[in-house]
Amino acid sequence: MIDADALARATTAPDGAAIAQIRTTFGPSMLTPEGALDRERMRQLVFADSSARARLEAIVHPLVGQAIGQATQTANTAGATLIVYDIPLLVESAHWRHDLPRVLVVDCSPQTQIQRVMTRSGLSEVEVTRIMAAQAPRAPRLRAADIVVFNDGISLAELAQQVQQIGQQFGL
Ligand SMILES: CC(C)(COP(=O)(O)OP(=O)(O)OC[C@H]1O[C@@H](n2cnc3c(N)ncnc32)[C@H](O)[C@@H]1O)[C@@H](O)C(=O)NCCC(=O)NCCS
Ligand SMILES: Nc1ncnc2c1ncn2[C@@H]1O[C@H](COP(=O)(O)OP(=O)(O)OP(=O)(O)O)[C@@H](O)[C@H]1O
């Protein structure tokens, strides 16, 4: 399992690969005293200013791309029979989709999505809606899918059951 968000977070931790470029591009005030990305401050900036978001992505995404390539090599060397890539911005990025044999999209209504992210993060509805406006809408995301998991009105246990069934289709 290769988690692009975890790899992105690693690049913006203290001494992470993106930190020097973030300091040069956005200034030292965008870093915490420990030398990590100040996530709160950057979130306020990038979801209010799409050109700042593009500058951040131009730093982080190539590093995540390299880290995904390395993790893939490691998995292949270890004899992995299946690699699952968790890529939140798959539909937004022209790059990865064409390299992947199958795409699974986890779908729910926008209302459920907003509620869940509010509960998870403590962000307001306005902030969550602004973040979602920076992402691909539901229809193109669904169009990119070979398999859709409709994760709405079901418990986490029921979701786990569905995922297990899909895993069986892939020989897990
Ligand atoms: C903007 C940052 C600093 C906000 O960090 P914070 O810890 O406050 O929030 P978190 O990472 O949980 O993201 C909050 C929400 O924003 C969404 N989101 C994050 N980055 C992006 C982006 N570039 N475009 C659209 N949505 C995004 C996430 O899916 C999530 O729903 C952080 O998300 C970041 O560094 N983003 C750029 C890297 C990136 O594109 N990561 C996404 C996956 S590779
Ligand atoms: N079926 C469900 N029932 C209850 N809570 C759920 C269900 N599915 C997901 N959640 C919760 O919703 C929140 C969002 O889920 P998760 O973080 O997995 O989404 P994500 O797609 O990775 O989000 P992002 O791309 O924004 O990081 C989490 O707190 C998760 O526990």
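Structure shown above.
So, a few notes on the structure that sits alongside this text.

What counts and what doesn't
Residues numbered from 1 in each chain as written. Chains lettered and ligands numbered in written order. Predicted model: local features only at pLDDT ≥ 70, side-chain atom pairs only at ≥ 80, totals over all residues. Heavy atoms only, no water. Core = buried A, V, L, I, M, F, W, Y, C linked by side-chain atoms within 4.5 Å. Buried < 20%, exposed > 50% of the residue type's maximum accessible area, 1.4 Å probe, protein only. Helix = DSSP H or I, 4+ residues; strand = E, 2+ residues; numbered from the N terminus. Contact = heavy atoms within 4.5 Å.

Okay, the nonpolar core next. Ile22, Phe26, Met42, Leu56 and Ile68 are the most contacted members of the largest nonpolar core, which has 26 residues in total. At the level of secondary structure, the elements contributing two or more residues to this core comprise helix H1 (4-11), helix H2 (19-26), helix H3 (39-46) and helix H4 (50-77). A per-element tally of this core places H4 first, with seven residues. Every residue in contact with Ile22, bar those within four places of it in the chain, is listed here: Thr12, Gly27, Leu31, Leu37, Met42, Leu56 and Ile59. In this structure, Ile114, Val128, Ile131 and Met132 belong to the second largest nonpolar core, which totals five residues.

Now for the environment of Val149. Along the chain, Val149 falls in strand S4 (residues 147-150). Taking relative accessible area as the criterion, Val149 reaches 1% and is therefore assigned buried. Residues Val149 and Gln165 lie 16 residues apart in sequence; the distance between their C-alpha atoms is 11 Å. Leaving out residues up to four positions away in the same chain, Val149 has contacts with Leu104, Val105, Val106, Asp107, Leu159, Gln162 and Ile166.

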